[in-house]
There are 2 protein chains.
Amino acid sequence: MTVTIKDVAKVANVSYSTVSKALNNSPLVKEATKKKVLKVAKELGYEPNLAAKQLVSKRTEVIGLVWPTIERIVLATLVTNISNAFKQTPYSMILSVDTPETAMETFRKFSVDGIIAFAESDLPLESFANIPVVNYGVYKQGDVSYPTIDANHEKAIELAVDHLHRQGHKHIVYAGLLDTTDPLQIEKVESYRKAMKKFSIENCIHEVDTKGLDWQDGYHAVDKILQSDPIPTAIIGGSYDISGGIVRALQEREISIPEEMSIVSYDNIPQMETMEVPMTCVGVPVNELAKEIVSSIIDLIEEKEEDAWIKKLTPVLTVRESTAFNK
Amino acid sequence: MTVTIKDVAKVANVSYSTVSKALNNSPLVKEATKKKVLKVAKELGYEPNLAAKQLVSKRTEVIGLVWPTIERIVLATLVTNISNAFKQTPYSMILSVDTPETAMETFRKFSVDGIIAFAESDLPLESFANIPVVNYGVYKQGDVSYPTIDANHEKAIELAVDHLHRQGHKHIVYAGLLDTTDPLQIEKVESYRKAMKKFSIENCIHEVDTKGLDWQDGYHAVDKILQSDPIPTAIIGGSYDISGGIVRALQEREISIPEEMSIVSYDNIPQMETMEVPMTCVGVPVNELAKEIVSSIIDLIEEKEEDAWIKKLTPVLTVRESTAFNK
DNA sequence: TTGTACGCGTTATCAG
DNA sequence: CTGATAACGCGTACAA
């Protein structure tokens, strides 16, 4: 026995169409009646029936998110942030952990109003009818099929190099995944080279291949880093996990951070704060990223400007305790 | 312009109620008409409208899954398997990455027919009206509030010890998280002790605290393991990640698996097969777990037997290349 | 075996 | 400003 607008109407002594208007904050109803209706609705514990709403309005206010297969903490954090960002809006979000194809099927079944996907997901281009899609991440070969949001990776790396350079570091090593076809990783190394050139320390360019993006990859890269001559005074870690591994390995060798080695990490997520050493990092703060993604998909839904565009978000440098002046 | 049963009816030259019956495989329509309707429906690309269906039938055939906050690969795999298991059923699954409270709100908004949660999630007990819930995992202090499915952890560990013991191992070390309040971890160590006793090798009981459940925790535990005297000939790794770290550390020390060291891992997921060394493991196969969870929640929904029970699933030993006879 | 008519809870369009 | 009333797409008694 769920309570409907009719029940509310009866108790509030108005017609149920008035209740509907009041509930939707229509200007066509007197402030007093609106108040009364709202009060009664609350008292009765009225909950709008999504199905009925959708049936008539053709909209669900639900957005589907295609969860990528790979589980990296940064993405998990992003997903959580996106989910939170939706709480400020009338929209809800549902997740699918399936293949893009199955995900699409589910989303069509739920008739979501929009879809968020990550570049890695490789959405099927067809079969979309007219559901707006927003994409996050670097698109391969610039074939922008959907409106895409991305961080300005180049700028981010430049911020990192700039920060370290200002602190007197020259021998700045970049530790990341080098041997790969992942466009994001490639863009990061290339930006590193560019930035080193920009600050005229290209003779110090020094890249270490972590061969992966995980904790252990960073951990093992430290060996290679410490074998070089001269030993760098600063490291740019290519991902949250990599940097974590680097820190651990340095600690075990009793190399103090930041006195003997400065570290800046790529990715800007709250977890950077609570690492073994609070981490200086560069990147678009994940909550901003989330906010932008959410507002983009909503704009797309509500305004239907179907042009494919790319929006590059501006990263910031967050200084913490893992970097210091080079003495 | 979505296609409805009326459109199908027109094309198939029947009334739309007949279409409805045909689509629902009602015995009240002739086989021939049913076939024709189904064919037309497919041709027109008919998709049932969930909202309308729900509005009249009061059921959504949707089940909500409360995604736990902690991201461990085993759970991710379980979630994926659950999602797959639903594909064999008329039900769909939606995921929430929010707090249990917000998740519940979302699920009520979608009026899901049932909920799956993990023990860690600590669901709010009230506010459930009458939505069936199935729980996965060890419940604290045995206060079984919801029907609960769990693996028989004790039996699993016993299988591991038994297997190693049969292979002539006596010095079997258990490497897992010891100093914790997590009931699952506690149950695992205790079962280890029990099993060692059962096979009368309790004088060899040897536990190493990994202080965590991650890759690096296993990796670092190897030091401690190798320092002991006598050095054990076999290791039981407390989780997928722990075992991965152990394998890596052993490889780096050129200790060959399984010739010099046998390893059995807790958790039974397909990824065990593709580890550096294909891993012998114990646990309830994750797809079985998923199947059981799914069928339980569906039974609960369709039969409404609201008693709280615990179902302990029987684990199996999967022998691969990480274990061998002790010589 | 098939078709008709009603209702599910809501929004939106008109009259009042 | 407020109140009837017609959709929305589907399931289902009930009638044919």
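Residues numbered from 1 in each chain as written. Chains lettered and ligands numbered in written order. Predicted model: local features only at pLDDT ≥ 70, side-chain atom pairs only at ≥ 80, totals over all residues. Heavy atoms only, no water.

The name given to chain A in an unreviewed UniProt entry is LacI family transcriptional regulator, with the source organism recorded as Gracilibacillus halotolerans.

In this section: the interface of chain B and chain A. One widely used convention gives an interface's size as the accessible area the parts lose upon coming together. If you look at the interface, chain B gives 32 residues, while chain A gives 32 residues. Between chain B and chain A, the buried area comes to about 2800 Å², and carbon and sulfur atoms account for 62% of it. Of the charged contacts, one joins D98 of chain B and K87 of chain A as a salt bridge, the two residues approaching to 3.2 Å between their closest N and O atoms. Run the count over chain B and chain A and you get 12 residue pairs in polar contact (both at pLDDT 80 or more). The set of elements that each furnish at least two residues to the side of chain B that touches chain A consists of α4 (50-57), α5 (73-86), β2 (92-96), α6 (100-109), α9 (215-227) and α10 (240-252) of chain B. Looking at side-chain class alone, the side of chain B that touches chain A contains 14 nonpolar, nine polar and nine charged residues. (Contact = heavy atoms within 4.5 Å. Buried area = accessible area lost by both parts, 1.4 Å probe. Salt bridge = Lys/Arg side-chain N within 4 Å of Asp/Glu carboxyl O. Polar contact = N/O pair within 3.5 Å; in protein donor to acceptor, adjacent residues only side chain to side chain. Helix = DSSP H or I, 4+ residues; strand = E, 2+ residues; numbered from the N terminus. Nonpolar A, V, L, I, M, F, W, Y, C, P; charged D, E, K, R; others polar.)

Our focus in this paragraph is the pairing of β2 of chain B. In summary, the side chains of a regular strand alternate between the two faces of the sheet. All names here are of chain B. With five of five residues buried, β2 is to be regarded as a mostly interior element. Of the two faces of β2, the one lined by S92, I94 and S96 and the one lined by M93 and L95 are each fully buried. With five bridges joining them, strand β1 (residues 62-66) and β2 adopt parallel strand pairing. When the bridges of β2 are listed, V66 appears paired with S96. (Buried < 20%, exposed > 50% of the residue type's maximum accessible area, 1.4 Å probe, protein only. Pairing = 2+ DSSP bridges.)

Now for the pattern of salt bridges. Close approach of charged atoms allows side chains of opposite charge to pair. In this structure the tally under the stated criterion is 30 salt bridges over all chains. Between D223 of chain B and R253 of chain B there is a salt bridge whose closest N-O contact spans 2.6 Å. One end of the pair, D223 of chain B, is in helix α9; the other, R253 of chain B, is in the loop between α10 and β9 (262-266), and 30 residues separate them in sequence. On the basis of relative accessible area, R253 of chain B is assigned to the partly exposed category, the value being 34%. Of the charged contacts in the structure, one is a salt bridge between E276 of chain B and R248 of chain B, with a shortest N-O distance of 3.0 Å. Highlighted residues: E276 of chain B in the loop between β9 and β10 (280-283) and R248 of chain B in helix α10, separated in sequence by 28 residues. Among the charged side chains, a network of salt bridges with common partners joins D150, E187 and K312 of chain A.

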